[in-house]
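Secondary and tertiary structure notes
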Amino acid sequence: MAGFLKCLWRFRNFIVIILTPLLLLALPLVSPTPEAKCGFAIILMALYWCTECIPLAVTALLPVVLFPMMGIMEGTEVCIQYLKDSNMLFFGGLVVAIAVEHWNLHQRIALQVLLVVGVKPSLLMMGFMSTTAFLSMWISNTAATAMMLPISSAVLQQLSDTEANAEEREYRLTAAMAGQDNQTFELDDTKQTNNKELKPEDSSISMDKDQDGNFKGMKELTENGVTSNVCDMSPDSEQRRLKREQKYAKLLKGMSLSVCYSATIGGTATLTGCTPNVIMKGQLDELFPENGGIINFATWFGFAFPTVVLMLALSWLWIQFMFLGFNLKKSCGCGTNKDGDREAYRVIKDQYKKLGGMTFAEVCVLVIFTLVVLMWFTREPGFIPGWATVLFNKDKPYVTDGTVAILMSSLFFCIPSNLPRCFGKSKDGSPPEAPTPMLNWGVVNERMPWNIILLLGGGFALAHGSEKSGLSKWLGECLLPLQSVPPFAICILLCLLVAMFTECSSNTATTTLFLPIVASMATAIKIHPMYVMLPCTLAASLAFMLPVATPPNAIAFSYADLKVMDMAKTGFMLNLIGIIAINIAINTWGVAMFQLNTFPSWANVTKSH
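Treat the numbers as computed from the prediction; the structure is a model and nothing was measured. (Residues numbered from 1 in each chain as written. Predicted model: local features only at pLDDT ≥ 70, side-chain atom pairs only at ≥ 80, totals over all residues. Heavy atoms only, no water.)

Secondary structure assignment for the protein yields 28 helices and three strands. Classification of the 609 residues of the protein by burial places 48% in the buried group. Summarising the internal contacts of the protein: among those between residues at least 6 apart in sequence, 75% fall at separations of at least 24. Looking at the protein as shown, the accessible area adds up to about 29,600 Å², and 64% of this sits on carbon and sulfur atoms. (Helix = DSSP H or I, 4+ residues; strand = E, 2+ residues; numbered from the N terminus. Buried < 20%, exposed > 50% of the residue type's maximum accessible area, 1.4 Å probe, protein only. Contact = heavy atoms within 4.5 Å. Areas by Shrake-Rupley, 256 points an atom, 1.4 Å probe, with all protein chains shown as cover.)

This is the structure:
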């Protein structure tokens, strides 16, 4: 029996691939309506996404096969959904992120911030969290985590070594003073007998270590070279050593968790920071094409950035309580020895010096990166006409955030990586070679997550198919009884549901599956669609409890020798903190920014063909 079960487990993916569509086939056969056929496709893709029996990107391509064969949409209409403006925005943003990583600009920014915040435990954790969150707004969460964890480990190791050296010096000084007291007693006795004076320089104290490098005791070296044990390593000293090791092991766990969690939180602050954000914009534009571009880079940042700051502050307090205690005076370093701080600060400074001065390519990347962000913010800020409105978008939205992303990311392939010397000569006297561009397609092709672009397209195809088949309308009618439930309660329940689901499934798949459903529900019960779509999108990123939930979690889990229970205990509370912060945001400045307390006219009419 055990062998049979083991065989089933090994072939589980093939079993799921074959059995799932066969079991679900009863739905379109019993009810051969467009709604049932589209429901069959969505449920099949949801189960494939949850079990990952085939790659996520391959599952995202199933609408190209299922929708035409079931008579829901034409093949050409389905394929168009896979490359929309949101995909171009995502692609251009990733090219900018690849350039930042390729020229190591992110590491320079991180080390500079850490030099500013200092190395006190609490402040150091705050510095790592804020730096990682800022970087993950622009580069991938995984890259930000992978870069910051070694830096945090090196700084903590230096703090531990410095504290150990300080204890060693204190112990040596204590033993030396005890030895000098004995010498003084003997000197007085010697003066009375032979009037011979013994100088303190005639004897010295040395540390006695075992094979593992642990200190066993003190030895006194006399002028004749004879060694005698002054004292053995006391139990108190051994206890201090074990206590110090446990403290820094616990601190490393807390620091590693703070880095991976802040990477996930920071990614929600910008429209291109993580995939669910782009999916939400694409789904909103697909389901409600008359929304007037209510979500763009500036409006998203205006809503999400304060939410991220609130989540980071509350998360910092919780992780501080879990791994450092709540003695802020002690953990902030008030009244402590400064030697450890100077040593740890020197480690960060040495790593920064190894980077050298900023190269021409780094300066260019920084300038282009700054221009991209400024152009995104000022394209259509909302409170005043943006540059795109004045110059291009007078009657139609010709220029979008995707236009800006592609324009600026293309410059990386055009600008040389160093200043060309047109009139100089190489060492052998021949004309100099032309410099290489800052990026080439090989680097971009290697680092670009092409599967995410297909996932985005699959989500847009599902949303369009559910709209065309009438499934969205049917779901909305089924959810009409929710009209009697207060909107804020609906929002909290949906956030809890999405946060639980995303622990076991990718945030991309979770967002893709839930957003069309909650949008249909919102139109049916006459509440603003963004009142439920925005919180669900942010909640899809609240995957803090399991190592397999996100790549940053997996990296931190393996790096800091964490246990599943360490991550589960910390992450459970962080999930609740995230849901509370999201609901505070959506019911305060979210309502003010997007007029969420009214049902918009553009939500009455959905896209029809």
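What follows deals with empty space enclosed by the protein. In the structure shown here, the tally under the stated rule is two cavities of 30 Å³ or more. Here the largest cavity is characterised by a volume of approximately 80 Å³. Around the largest cavity, the lining residues are Gly93, Val96, Ala97, Val100, Trp138, Ile139, Thr272, Phe369, Val372, Val373 and Trp376. Of all elements in the fold, only α8 (85–102) and α17 (360–379) reach the threshold of two or more residues within the lining of the largest cavity. The class makeup of the residues in the lining of the largest cavity is nine nonpolar, two polar and no charged. (1 Å grid on protein atoms, 1.4 Å probe; cavity = no way out; pocket = protein on both sides within 12 Å on 5 of 7 lines; lining within 4 Å. Points joined across faces, edges and corners; volume = space filled by probe spheres on them. Nonpolar A, V, L, I, M, F, W, Y, C, P; charged D, E, K, R; others polar.)

A few words on the pattern of salt bridges. Applying the stated criterion to the full structure yields seven salt bridges. With a shortest N-O distance of 3.8 Å, Lys468 and Glu77 are connected by a salt bridge. Placement of the pair is Lys468 in helix α21 (residues 450–469) and Glu77 in helix α7 (residues 75–80), with a sequence separation of 391 residues. Assessed through its relative accessible area of 33%, Lys468 is described here as partly exposed. A residue is classified by how much of its surface remains accessible, and Glu77, at 19% relative accessible area, is buried. In the salt-bridge network here, residues are joined through shared partners; they are Arg379, Glu380 and Asp401. (Salt bridge = Lys/Arg side-chain N within 4 Å of Asp/Glu carboxyl O.)

The phi torsion at Glu52 lies on the positive side, around 55°, for a residue other than glycine. With respect to the secondary-structure elements, Glu52 resides in the loop between α4 (34–51) and α5 (56–60). Look at Lys526: it is not a glycine, yet its phi comes out positive at around 60°. Along the polypeptide, Lys526 turns up in the loop between α24 (507–524) and α25 (529–539).

Let us look at the packing of α8 against helix α13 (residues 275–287). Between two packed helices, the angle of one axis relative to the other and the distance separating the axes together describe the packing. Between α8 and α13, the shortest axis-to-axis distance is 9 Å and the interhelical angle comes to 155°. What the angle tells us is that α8 and α13 run roughly antiparallel. In this structure, α8 crosses over α13, and the sense of that crossing is right-handed. Contact residues: Asp85, Ser86, Leu89 and Phe90 in α8; Thr275, Val278, Lys281 and Gly282 in α13. For the contact of α8 with α13, the class distribution of residues is three nonpolar, three polar and two charged. (Axes fitted to C-alpha atoms, helices over the stretch in contact; angles between N-to-C directions. Parallel < 35°, antiparallel > 145°, perpendicular 65-115°, else oblique. Left-handed = near helix turned anticlockwise from the far one by under 90°.)

Given two aromatic rings, their pairing is described by the distance between the two centres and the angle made by the two planes. One pass over the full model with this rule turns up 17 aromatic pairs. Note on Tyr261 and Phe544: the rings are 5.0 Å apart at their centroids and 65° apart in plane angle, and the pair reads as edge-to-face. Of this pair, Tyr261 sits in helix α12 (residues 235–266) while Phe544 is found in the loop between α25 and α26 (551–559), placing the two residues 283 residues apart along the sequence. Taking relative accessible area as the criterion, Tyr261 reaches 0% and is therefore assigned buried. Residue Phe544 is classed as buried on the basis of its relative accessible area, which comes to 1%. Ring centres of Phe501 and Phe514 lie 5.3 Å apart, and the angle between their planes is 70°; this geometry places the pair in the edge-to-face category. (Phe/Tyr/Trp six-rings, centres within 6.5 Å; stacked < 30°, edge-to-face > 60°.)

In short, geometric facts, not functional conclusions.
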